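Chain and residue survey
As a plain string of letters, each chain reads:
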Amino acid sequence: MDLETHQMDVKTAFLNGELEEDIYMDQLQGFVQDGKEHLVCKLKKSLYGLKQSPRAWYQRIDMFFTHKGFFRSQADHSLYFKQTGEYLLIVIIYVDDLIILASNVSILKWLKSSFEDEFEMSDLGELHYCLGVEF
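What you see is a predicted model, and the numbers here were worked out from it, not measured in a lab.

**Digging into the nonpolar core**
One finds F65, L89, I100, F115 and F119 to be the most contacted residues of the largest nonpolar core, which totals 23 residues. Where this core is concerned, the elements lending two or more residues are β1 (4-10), α1 (53-67), β6 (88-94), β7 (97-102) and α2 (105-118). Excluding residues within four positions of it along the chain, F115 makes contact with M8, I61, F64, F65, L98, I100 and M121.

Have a look at this one:
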């Protein structure tokens, strides 16, 4: 199909997730104020190490794709696609790595720009290696 194949990486992906429940943690050493040692911190966002973080991240990226008009594959929930009469876009997610296949460069640039507006990203350019596989 002669698709453009590029790769992007989401920086600190798990920090983008929104928590569904209240989670509290002890105050960090060095930040405890005298007389307030008994207080705890309520998390507003997901953190690395929380068991909820991967799910919260996936829900966040799923919402992004849904708002952009993508459909999620029923066979593989890490595969999203958007097709019109003018173009085809396919995105494969592996945790914080995105493989993008696009039928033309202008739609690829639009998607990359949309990602960068929403998340802190690294544009890795054309896909050469992913998960130890050479393309």
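**Section: the packing of aromatic side chains**
Under the counting rule described, the total for this entry stands at eight aromatic pairs. On the basis of an interplanar angle of 70° and a centroid distance of 5.6 Å, the ring pair of F64 and F65 is categorised as edge-to-face. Here the two residues F64 and F65 agree in accessibility, since each one is buried. Summarising the aromatic geometry, the rings of F65 and F70 are spaced 5.1 Å apart at their centres and angled 65° between planes, so their arrangement reads as edge-to-face. Residue classification places F65 among the buried residues on the basis of a relative accessible area of 0%. You can call F70 buried: its relative accessible area is 6%. Put simply, the rings of W57, F64, F65, F70, Y80, F115 and F119 touch in pairs and so form one group of aromatic residues.

Criteria and thresholds
- Residues numbered from 1 in each chain as written.
- Predicted model: local features only at pLDDT ≥ 70, side-chain atom pairs only at ≥ 80, totals over all residues.
- Heavy atoms only, no water.
- Core = buried A, V, L, I, M, F, W, Y, C linked by side-chain atoms within 4.5 Å.
- Buried < 20%, exposed > 50% of the residue type's maximum accessible area, 1.4 Å probe, protein only.
- Helix = DSSP H or I, 4+ residues; strand = E, 2+ residues; numbered from the N terminus.
- Contact = heavy atoms within 4.5 Å.
- Phe/Tyr/Trp six-rings, centres within 6.5 Å; stacked < 30°, edge-to-face > 60°.

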